[in-house]
Amino acid sequence: MLIRRLKVSGLLSFGPRGVDLPMEPLNVLVGANGSGKSNLLEVIGLLRAAAEDPGELVGRREDACDWLWKSGESAAAATVEAIVDGPDGAGRLRR
């Protein structure tokens, strides 16, 4: 499966406005320290684990609340939306 678009808000370093990232077959993450590169990889790992056992990945952190965005402005909800090509080009799937 190939991720075509990834939207994240209220999770880790992605605030309430979040990000909407178009994805290509090859993506390169470039940015300063603390800009969210590792958090993007954590979100992709969480998405992958959602198909199997999301509790396993979430459980690696001290508390599930550690996944939520923290700042003076609170996020109403944490969301991850991914649009992916299905296996063998079987069409797009939204999860």
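One can find the structure itself at the top, above this paragraph.
Throughout, a residue's number is its position along its own chain's written sequence, starting from 1. In keeping with the model being predicted, local features are shown solely for residues with a pLDDT of at least 70 and side-chain atom pairs are shown and tallied solely at 80 or more, while totals for entire chains, interfaces and linings include all residues. Side-chain calculation: all heavy atoms of the structure are included, whereas hydrogens and water are not.

Digging into the nonpolar core
The condition that has to hold: The term nonpolar core refers to a set of buried residues drawn from Ala, Val, Leu, Ile, Met, Phe, Trp, Tyr and Cys, joined through side-chain atoms within 4.5 Å. Burial status follows relative accessibility: with a 1.4 Å probe on protein chains alone, a residue under 20% of its type maximum counts as buried, one over 50% as exposed, and anything between as partly exposed. Comment: elements are numbered from the N terminus, with helices defined as DSSP H or I runs of at least four residues and strands as E runs of at least two. Only heavy atoms enter the contact rule, under which two residues are in contact if any of them lie within 4.5 Å.
Judged by nonpolar contacts, the single largest core of 14 residues is most densely connected at Ile 3, Leu 6, Val 8, Leu 11 and Val 43. Of all the secondary-structure elements, those providing two or more residues to this core are strand E1 (2–9), helix H1 (37–50) and strand E3 (79–85). Here this core takes four residues from H1, the largest share from any one element. Each residue touching Val 43, except ones within four places of it in the same chain, is listed here: Leu 6, Val 8, Leu 11, Leu 12, Phe 14 and Val 80.

Some remarks on H1
Where we set the bar: Given a helix with a known number of residues, its expected span is that number minus one, times 1.5 Å.
For H1, with 14 residues, the first-to-last C-alpha span of 20 Å sits near the 20 Å given by 1.5 Å per residue. Taken together, the buried positions of H1 are Asn 39, Leu 40, Val 43, Leu 46, Leu 47 and Ala 49.

What to know about the pattern of salt bridges
Quick reminder of the rule: Any Lys or Arg side-chain nitrogen located within 4 Å of an Asp or Glu carboxyl oxygen qualifies as a salt bridge.
With the rule as written, the count across this model stands at two salt bridges. As a salt-bridge pair, Asp 85 and Arg 4 come within 2.8 Å of each other at their nearest N and O atoms. Of the two residues, Asp 85 sits in strand E3 while Arg 4 sits in strand E1, which places them 81 residues apart along the sequence. Judged by its relative accessible area of 25%, Arg 4 falls in the partly exposed class. Salt-bridge contacts for Arg 5 lead to Asp 20; the nearest nitrogen and oxygen are separated by 2.6 Å.

Topic: the pairing of E1
To be explicit about the condition: The pairing criterion for strands is at least two bridges between them, as found by DSSP.
As judged from the seven bridges shared by E1 and E3, these two strands associate in the antiparallel manner. Residue pairing for E3: Val 8 is matched across the bridge by Val 80. Relative to strand E2 (residues 19–22), E1 runs antiparallel, the two being bridged by four bridges. Across the sheet, residue Lys 7 finds its bridge partner in E2, namely Asp 20.

Quick word on the environment of Glu 81
Relative to the helices and strands, Glu 81 is located in strand E3. Separated by 75 residues in sequence, Glu 81 and Leu 6 have C-alpha atoms that sit 5.8 Å apart.

Notes on a nonpolar patch on the surface
Put simply, the test is: Each patch is built from salt-bridge-free residues with over 30% relative accessible area, joining like charges within 9 Å and nonpolar side chains (Val, Leu, Ile, Met, Phe, Trp, Tyr) within 5 Å. Using a 1.4 Å probe, the Shrake-Rupley method yields the accessible areas, and only the shown protein chains count as cover for residues.
The grouping of Leu 26, Val 28 and Val 30 at the surface amounts to a nonpolar patch, some 380 Å² of accessible area in total. Within the fold, Leu 26 resides in the loop between E2 and H1. Note on Leu 26: relative accessible area 70%, which makes it exposed.

Let's talk about unusual backbone geometry
Negative phi is the rule for most residues except glycine; trans is the rule for most peptide bonds. One non-glycine residue with positive phi stands out, namely Leu 12, at about 50°. With respect to the element layout, Leu 12 can be found in the loop between E1 and E2.

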